[in-house]
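Take a look at the letters that make up each chain.
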Amino acid sequence: MPHIQLTPAERRQRRADAHHLDPVVLIGSDGLTEAVRKEVDAALNAHGLIKVRIFSDDRTHREQIYQSLAGDLNAAPIQHIGKLIILWRPQPEKERVAAEDRKPGPRDVKVLKYSSKGGGKPEIKQLRVLGNQRLTAGGIVKRAKPRQTSIKKRQD
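Residues numbered from 1 in each chain as written. Predicted model: local features only at pLDDT ≥ 70, side-chain atom pairs only at ≥ 80, totals over all residues. Heavy atoms only, no water.

**Quick word on the overall build of the protein chain**
1) Next: Helices and strands together make up the secondary structure of the protein chain, namely four helices and eight strands.
2) Next: Along the protein chain, helices and strands appear, N-terminal first, in the series α-β-α-β-α-β-β-β-β-β-β-α.
3) Next: By residue count, 26% of the 156 residues in the protein chain fall in the buried class.
4) Next: Summing over all exposed atoms, the protein chain offers an accessible surface of approximately 12000 Å²; the carbon and sulfur share of this is 50%. (Helix = DSSP H or I, 4+ residues; strand = E, 2+ residues; numbered from the N terminus. Buried < 20%, exposed > 50% of the residue type's maximum accessible area, 1.4 Å probe, protein only. Areas by Shrake-Rupley, 256 points an atom, 1.4 Å probe, with all protein chains shown as cover.)

**Looking at the sheet that holds strand β1 (residues 25-27)**
1) Next: In space, the four strands of this open sheet follow the order β1-β2-β4-β3, with mixed pairing throughout. Both outer strands of the open sheet, β1 and β3 (76-81), are each paired with one neighbouring strand and no more. Within this sheet the neighbouring strands show an average axis-to-axis angle of 20°, counted without direction.
2) Next: The pairing of strand β2 (residues 49-54) with strand β4 (residues 84-88) spans five bridges and is classified as antiparallel. Residue pairing in the sheet places lysine 51 in a bridge with isoleucine 86 of β4. (Pairing = 2+ DSSP bridges. Axes fitted to C-alpha atoms, helices over the stretch in contact; angles between N-to-C directions.)

**Observations regarding the nonpolar core**
1) Next: By size, the foremost hydrophobic cluster in this structure holds 17 residues, and its most contacted members are Val40, Leu69 and Leu87.
2) Next: If we ignore the near neighbours within four places in the chain, the residues touching valine 40 are Val25, Ile50, Val52, Leu69, Leu73 and Leu87.
3) Next: Judged by nonpolar contacts, the second largest core, of seven residues, contains Ala18, Ala76, Ile78 and Ile86. (Core = buried A, V, L, I, M, F, W, Y, C linked by side-chain atoms within 4.5 Å. Contact = heavy atoms within 4.5 Å.)

**Digging into unusual backbone geometry**
1) Next: Residues other than glycine seldom take positive phi values, yet asparagine 74 does so here, at roughly 55°.
2) Next: Along the chain, the position of asparagine 74 falls in the loop between α3 (59-72) and β3.

**Description of the side chain of arginine 62**
1) Next: Structurally, the position occupied by arginine 62 is in helix α3.
2) Next: Of note is the side chain of arginine 62, whose polar atom sits 2.8 Å from the backbone oxygen of serine 56.
3) Next: When residues no more than four places from it in sequence are discounted, the contact partners of arginine 62 are Ile54, Ser56, Asp57, His80, Gly82 and Lys83. (Polar contact = N/O pair within 3.5 Å; in protein donor to acceptor, adjacent residues only side chain to side chain.)

**Description of the packing of aromatic side chains**
1) Next: The full count for this structure, using the stated rule, is zero aromatic pairs.
2) Next: Lying over the aromatic face of tryptophan 88, arginine 14 brings its terminal NZ or CZ to 3.9 Å of the ring centre. (Phe/Tyr/Trp six-rings, centres within 6.5 Å; stacked < 30°, edge-to-face > 60°. Lys NZ or Arg CZ within 6 Å of the ring centre and 35° of its normal.)

Below is the structure:
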């Protein structure tokens, strides 16, 4: 499969995004094996933009691995600098299997209540917060207010 073609501006943006990333996959002396391909494919599915470190001293061999991974996995080759390569592929859409009528359920929260006396020990209280409630900074459970919609949106 041919790899994804990007404009120079898109490639520059991806390079900037990858600057702070650490290598996710390390390719050792065995080179590009099937297990390495699967790991790179899984990392591309999970992260989209990845760095790969190749521990080979031969530049032509590293370039060959770079082009091979980009072509086989349908990824865009972003950068090859030294022993690091950067690949990008759009992440697949995750399937949402949530029912529309489902509401958030109750959750148990621990609240630390300080004593009104100066030297008393703080007390830990276990509170149950329902889906239509919220917990304030003071540890009080309040009913959540309905979200307000703008007048302009209601008219459409």
